[in-house]
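Structure at a glance
Now for the letters of each chain:
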Amino acid sequence: QVQLVESGGGLVQAGGSLRLSCAASGRTFSLYPMAWFRQAPGKEREFVAAISAKSSYITYADSVKGRFTISRDNAKNTVYLQMNSLKPEDTAVYYCASGTRWSAVRSSTNYKSWGQGTQVLVSS
């Protein structure tokens, strides 16, 4: 099973940027799609973005499209989420996830591995 560790969260003003990283252990990182989800207080965990194993396919939630960019470096076993033009409503704990097939990337119930999360706080 892949172990995932997120980093890069923090406090930023609205309109600012952050870059999240998710480092994975194990040999299977490059075999699976990777995704970012987020969960705000009192809300369900929601899909943010996903990238296929070889970066051939990428998909975003409508709420972040045009502002966030997901990428991965299989040589470094790391997936990234570049977040620009941040809004207060982007405030949440952000999680990376691994271990599902591409057709199911938008559903949080299908992943085998999750990180511990990193907090993003956007002030107005």
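Below is a summary of the structure that appears in this document. (Residues numbered from 1 in each chain as written. Predicted model: local features only at pLDDT ≥ 70, side-chain atom pairs only at ≥ 80, totals over all residues. Heavy atoms only, no water.)

Moving on: the sheet that holds strand E7 (residues 68–73). Strands sit in the order E1-E3-E8-E7 across an open sheet of four strands; the sheet is antiparallel. For this open sheet the edge positions go to strand E1 (4–7) and E7, each flanked by a neighbour on one side alone. Ignoring which end each strand starts from, the neighbouring axes of this sheet average 15° apart. Across six bridges, the pairing between strand E3 (residues 18–24) and strand E8 (residues 78–83) is antiparallel. Across the sheet, the residue bridging to Leu20 is Leu81, located in E8. (Pairing = 2+ DSSP bridges. Helix = DSSP H or I, 4+ residues; strand = E, 2+ residues; numbered from the N terminus. Axes fitted to C-alpha atoms, helices over the stretch in contact; angles between N-to-C directions.)

Moving on to the pattern of salt bridges. All told, the structure shown has four salt bridges when counted by the stated rule. Glu46 is paired through a salt bridge with Arg38; the nearest N and O atoms lie 2.6 Å apart. With relative accessibility at 37%, the residue Glu46 sits in the partly exposed group. Here Arg67 ties to Asp90 by a salt bridge, and the two come within 2.7 Å at their closest N and O atoms. Of this pair, Arg67 sits in the loop between strand E6 (58–60) and E7 while Asp90 sits in the loop between E8 and strand E9 (92–98), placing them 23 residues apart in sequence. (Salt bridge = Lys/Arg side-chain N within 4 Å of Asp/Glu carboxyl O. Buried < 20%, exposed > 50% of the residue type's maximum accessible area, 1.4 Å probe, protein only.)

Residues other than glycine seldom take positive phi values, yet Ser55 does so here, at roughly 65°. Mapped onto the fold, Ser55 is located in the loop between strand E5 (46–51) and E6. Within the chain, Asn77 stands out as a residue other than glycine whose phi angle is a positive 50°. Residue position: Asn77 is located in the loop between E7 and E8.

What follows concerns the nonpolar core. Among the nonpolar cores identified, the biggest contains 35 residues, and Trp36, Leu81, Met83 and Tyr94 are the most heavily contacted of them. For this core, the secondary-structure elements that each account for two or more residues are E3, strand E4 (34–39), E5, E7, E8, E9 and strand E11 (118–123). Looking at which element gives the most residues to this core, the answer is E5, with five residues. If we skip the residues at most four places from it in the chain, Tyr94 touches Glu6, Leu20, Trp36, Phe37, Arg38, Val48, Phe68, Leu81, Met83, Gly117, Thr118 and Val120. (Core = buried A, V, L, I, M, F, W, Y, C linked by side-chain atoms within 4.5 Å. Contact = heavy atoms within 4.5 Å.)

Attention now goes to the packing of aromatic side chains. According to the stated counting rule, one finds six aromatic pairs in the structure shown. Where Phe37 meets Tyr111, the ring centres are 5.4 Å apart and the plane angle is 80°; that geometry is what we call edge-to-face. Here Phe37, found in strand E4, pairs with Tyr111, found in the loop between E9 and strand E10 (113–114); they are 74 residues apart in sequence, far enough to count as distant. Judged by centre distance (6.2 Å) and plane angle (35°), the rings of Tyr57 and Trp102 are tilted. Taken as a pair, Tyr57 in the loop between E5 and E6 and Trp102 in the loop between E9 and E10 lie far apart in primary sequence, 45 residues in all. Residue Trp102 is classed as partly exposed on the basis of its relative accessible area of 29%. Ring pairs connect the aromatic residues Phe37, Phe47, Tyr95, Tyr111 and Trp114, which therefore count as one cluster. Its guanidinium or amino end placed over the ring of Tyr80, Arg19 lies 4.0 Å from that ring's centre, counting from NZ or CZ. (Phe/Tyr/Trp six-rings, centres within 6.5 Å; stacked < 30°, edge-to-face > 60°. Lys NZ or Arg CZ within 6 Å of the ring centre and 35° of its normal.)

Interpretation in functional terms is not warranted from these geometric data alone.
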